[in-house]
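# Examining the three-dimensional arrangement
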Amino acid sequence: MAITEAKKMTTLQVKRFKPSENPTNNYLTDEKGVWAWMTTVDHKKIGIMYLVAVAFFFALAGFLAIALRTELWTPAKTFIEADTYNQLFTLHGAMMVFFVLVPSIPAALGNFILPMQLGAKDVAFPRLNLASLYIYVAGAIFTFAALASGGFDTGWTFYTPYSSDGNGAGVIWVTLGVFILGFSSILTGTNFITTIHKLRAPGITWDRLPLNIWALYATSIIQVLATPVLAITILLLAFENIMDIGIFDPALGGDPVLFQHFFWFYSHPAVYIMIVPGFGIISEVISTFSKKTVFGYWAIALSSLAIAFIGFLVWGHHMFTSGQSAVATTVFSFLTFLVGIPTGIKIFNWIATLYKGSIDMKTPMLYVFIFLFLFSIGGFTGIMLGALSVDIHLHDTYYVVAHFHYVMMGGTLMALLAGLHYWWPKMTGKMYNETLAKISAVLIFIGFNMTFLPQFVMGSQGMPRRYYNYIDQFTPFHQTSTIGSYILGVAFLIILYYLVKSLFGGEKASSNPWNSRGLEWQSTSPPDFHNFDHTPVVINGPYDYHKPMEEFQLGLAVSHNGHDAEHTSTEVEKTEEKA
Amino acid sequence: MANHSANHPAHVQHHFVDSDQQFDSAKLGMWVFLVNEILFFGGLFCAYIIFRAWYPELFTQAALELNAFWGGVNTVVLIGSSLTVAMAIRSAQRNEIKGLRINLMITILLACVFLVIKYFEYEHKLHYGIAPGSFWDPTPEKLAILDHPKANIFFSIYYMMTGIHGLHVLVGIGLMIWIYIRAGKGHFSSEYYTPVEITGLYWHLVDLIWIFLFPLLYLIE
Amino acid sequence: MGRLFDFMLPENKSPLTADSTDGLFHFINEVSLIFLIGITFALIYFAFKYKRKSEDDKTPVITHNNTLEITWSVIPLLIVMVIFGWGYSGWLNLKAVPNDAYEIQATGYKWNWNFNYENGAQTLNELHVPKGRPIKVVMQSRDVLHSFFIPDYRVKHDVVPGRYTYVWFQAEETGESIIFCTEYCGTSHSDMLAKVIVHEPEEFEQWLELNGGGIQGSPVEQGEQLVTLQGCQTCHSVDGSEMIGPSFKGIWQREQQLTDGSTVVVDENYIRESILYPGNKVVAGYQNVMSPYEGRLSDDEITNIIEYLKTIN
């Protein structure tokens, strides 16, 4: 039928739909070959390629972490030189932050899942989406060029004047790399905001948006607002190195504290870019595996936005010892506590969701439990660091190192693992080995705590971060930590093993193995090239577990008529009653 | 998937339901991008404000070195080009492809005039050794006027701000040439002129940023 | 005091600056532990109590509960406000130097701490202070950012080139405490250690007397003291062993290959240039990491250092 006719219709015709269990075609078979992958604009393939790239950098930076921990086995030199050590921790930090944590959930899982949860065929700007991947690769090439031209040892924070004393081409290359990488993040954010606003399927009103989408929405806002400030900062730093423009270098009249303000204006919100999408995954998984609607939908949705906004006003808490003004210090400390509240609210809401649920402890749920425990510790120690007098003592010690690993690895990475296991059947059409998955989850839990709990103790005892040599009294803590990191390494290898194995010999996944009510599970596994056979019409909310499964299989428009979510939803329900 | 393209006009990409949705998406996306551009320049404005607060006497003194007359001419040129780009969009809406192309051509020319004037301004300063960063090496008579230990920082900020703005002008010219060529091939009509519209939005932003740069750098008294 | 988390903190040797911090540290830890036990218990209890029995389990629809949600928003808010106030007052105390504080100048540079006293006494990496008296350390940096941290006193502040910063403390017993640099500053960041040595007041006066008046003796002796006080031996050995910079042993009249391929014979002018502008002629195999001494040493001092270097064979 013609578009004009469709617009005149007051009701949508909705047909019963059940995704086929044995699809002949899916997005993986639709186009084949390396060239097809490299030029694809399909959000699913781009998501998969991002996932591979992120996994590659995670493995690389993780390997560096193991090398660093090995070096710290003894107080003096163990097997590498001080300069090498300094380069390695810089590289570990820069890669984990810029190449792994920032793109991991939004660009890899988000790219795959977001359009499907919205019932869209793709993101709003598919070509920009592909461009963002290539920009990411270009950023990576610049970073490797930095290594080839002598490396860089500034720490991932690039503090001036250490980073601007003209001591090497490496810093110039890596800052340009990060500058380029920023655009990849900006494009993803722009794309997601537009997609969420304009490409929702009929029936997906703002109050039926999955919480994962709310989280990605908040993340995208931060990406768009914060990343350009990093871009200009890092560009100024690059010019500081290339031609001594003197804005940040005290020797030329500039101000190093100004650099820190600029840097943290991005890099604090950036930690929310990393963690907030994790919150989204937790909400999805916890609801599916307790078969229950999420407790406090609006509290969770709006707290993500609250975190996004307040998160912009707390950057100065990285600078309590740096010599910023007293008023600024006070205000930043106060706001830091405020940003803790919405985070706490989320944790309580998730736990309340479990109450009277039907809890199935599958691997994704296991990771959610690990997340809740580790992230709580990360949160409490964050409160500790927000307290002014205590932060003076703890700033730049291993306490801070442990805190952000609890938040970033215990938080973001556990959420990523939960999401990866949760959506793995959808993405690949294969089931992984549940037993091995649970064993490695437990190993990760043990290894993680063994690695980072001792760091809280030695940090509060005074062990400064970024130390190649240390005083003897810290030896037992460092050695425990090192053993823990080996356990972590083994656990990740097991994960890699069973995930890769599932691709080749894994059991075939049904379209909805977890009996989820989410829209993305109403497609085949793996999904069709266009995600859904027809434009889906959403009648029920994403967490309506009290309704029988059959109702969820009502929901595809006969044809792709109508796209305006707000205006069609009520008519849809009328149709449903008639049917 | 069987029928996904049945009702699509050629210009509507496969994942959009209709032309309106595509247009709205493109426009929203561009607005989001512009917000991001403003924050990008925001960093530079921030650096400007901070250094000006620290060394107010330097900024008034150094601003005299900038040629307010030619800066003013450039402001008029850019405002004029904003007007013509708006007229280009209006022509597209009315399906007047010829008008669209003429207006675009005028806009491109005005943008080039802007860059040429900017080039002569730079040339003049570099001639006296008023260069950014490590190239800072003013001739004695200029050094007498710019007698301030931080004078180099003012010009670093000046070159960074105008330089990055100039780069945006250059990108804008490229975009408009592309639109001009596509218009010649008959890609646009009153049904579909999304690229014209969003390029226009971008150009207005470039103009707007200059309107802030001009008084802040040239007209401090 | 025997509180639960005592094992986490180093001994408190400056109660005036550390007490408030320690109290808050314990308070946050204890409150957090209570919450963490609650959260963990709830997780484990729910996991067992509401374990899935069959795929057809019915669950109740509980969308929200305003009373509960307000409770768990407001209570944490009140707690963190208490923490904020407590931390703020402790921090104000760290900023407010007592009027009768004894002032010592400190300079941080790669990778040493240099301390200067009112009567001209200088020390390298040793901060001598009297017991029972507030001490204000005024700090500056010669090159990059450093940070001055004494765990036993719970004080820390960044040392920023181009501006002065300070910390204060009051040690209540004699003994030693370690000083760390906590802002990353390059190769030997982790060796940029110093110690506070707390004396009885009379003993401190004697020490000050003994070391006052600056550097004395023959040119060679003066040069040796300067080399020691400036911490040159952090990077340059006198026994020929390989360190961050070329060894001083046998340096006089040695032929050195430079990074640009040319060679130079070490004479007065080369040493002088290398002290004032170390980046100009870097010896092959070494990196340009030394801070320039331009404006920091007088010509006489440099002459004395050269005289001393001539004697190291």
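Scroll up a little and you will see the structure.
Cut-offs used in this document
- Residues numbered from 1 in each chain as written.
- Chains lettered and ligands numbered in written order.
- Predicted model: local features only at pLDDT ≥ 70, side-chain atom pairs only at ≥ 80, totals over all residues.
- Heavy atoms only, no water.
- Helix = DSSP H or I, 4+ residues; strand = E, 2+ residues; numbered from the N terminus.
- Rg over C-alpha atoms; globule rule 2.2 N^0.38 Å.
- Buried < 20%, exposed > 50% of the residue type's maximum accessible area, 1.4 Å probe, protein only.
- Contact = heavy atoms within 4.5 Å.
- Areas by Shrake-Rupley, 256 points an atom, 1.4 Å probe, with all protein chains shown as cover.
- Lys, Arg positive; Asp, Glu negative; His and termini not counted.
- Charge placed at Lys NZ, Arg CZ, Asp CG, Glu CD.
- Buried area = accessible area lost by both parts, 1.4 Å probe.
- Salt bridge = Lys/Arg side-chain N within 4 Å of Asp/Glu carboxyl O.
- Polar contact = N/O pair within 3.5 Å; in protein donor to acceptor, adjacent residues only side chain to side chain.
- Nonpolar A, V, L, I, M, F, W, Y, C, P; charged D, E, K, R; others polar.
- Phe/Tyr/Trp six-rings, centres within 6.5 Å; stacked < 30°, edge-to-face > 60°.
- Lys NZ or Arg CZ within 6 Å of the ring centre and 35° of its normal.

### Comments concerning the overall build of chain B
Within chain B, the regular secondary structure consists of 7 helices and 0 strands. N-terminal to C-terminal, the α/β element order of chain B is α-α-α-α-α-α-α. A compact globule built from 221 residues should have a C-alpha radius of gyration of about 17 Å, whereas chain B, at 21 Å, is more than 25% larger. Once the C-alpha set of chain B is aligned to its principal axes, its extents read approximately 75 × 30 × 25 Å. Every one of the 221 residues in chain B was classed for burial, and the buried ones make up 51%. Partitioning the intrachain contacts of chain B with sequence separation of at least 6 by distance along the chain shows that 79% fall at a separation of at least 24. Accessible area for chain B stands at about 9800 Å²; split by element, carbon and sulfur atoms hold 68% of it. Positive and negative charge centroids in chain B, built from 12 and 16 side chains respectively, lie 7 Å apart.

### Digging into the interface of chain A and chain C
Counting residues at the interface gives 89 residues for chain A and 77 residues for chain C. Buried area between chain A and chain C, both sides added, is near 7100 Å², and the carbon and sulfur share of it is 68%. Counting every contact that joins chain A to chain C gives 2 salt bridges. In this assembly, chain A and chain C are joined by 29 residue pairs in polar contact (both at pLDDT 80 or more). Looking at the side of chain A that touches chain C, the elements with two or more residues in it are helix H5 (82-118), helix H9 (256-290), helix H10 (297-310), helix H11 (326-354), helix H12 (363-386), helix H13 (388-394) and helix H15 (434-460) of chain A. Per element, the largest residue contribution to the side of chain A that touches chain C is 15 residues, and it comes from H11 of chain A. Tallied by class, the residues present in the side of chain A that touches chain C amount to 48 nonpolar, 30 polar and 11 charged.

### Description of the packing of aromatic side chains
For any pair of aromatic rings, geometry is given as the distance between the ring centres together with the angle between the planes. As enumerated under the stated definition, the model contains 89 aromatic pairs over all chains in all. Pairing Trp156 of chain A with Trp264 of chain A gives two aromatic rings, centres 6.0 Å apart and planes at 85 degrees, and the pair type is edge-to-face. Placement of the pair is Trp156 of chain A in the loop between helix H6 (126-148) and helix H7 (169-198) and Trp264 of chain A in helix H9, with a sequence separation of 108 residues. For the pair formed by Trp156 of chain A and Trp264 of chain A, the shared burial category is buried. A connected cluster of aromatic rings, assembled from ring pairs, spans Tyr48, Phe59, Phe114, Tyr122, Trp136, Phe154, Phe155, Tyr158, Tyr159, Trp210, Phe214 and Tyr218 of chain B. Over the ring of Trp206 of chain A we find Arg200 of chain A, and its NZ or CZ is 4.4 Å from the ring centre.

### Comments concerning the interface of chain B and chain A
In this complex, chain B contributes 42 residues to the contact, which on the side of chain A involves 46 residues. When the two sides are added together, the surface that chain B and chain A hide from each other amounts to roughly 4000 Å², 69% of it contributed by carbon and sulfur. Scanning the region where chain B abuts chain A turns up 0 salt bridges. Seen at the junction of chain B and chain A, the total is 4 residue pairs in polar contact (both at pLDDT 80 or more). Put simply, the parts of the chain that give the side of chain B that touches chain A at least two residues each are helix H1 (19-54) and helix H6 (151-184) of chain B. Element by element, the count of residues in the side of chain B that touches chain A is highest for H1 of chain B, at 20 residues. Of the residues belonging to the side of chain B that touches chain A, the class tally is 23 nonpolar, 15 polar and 4 charged.

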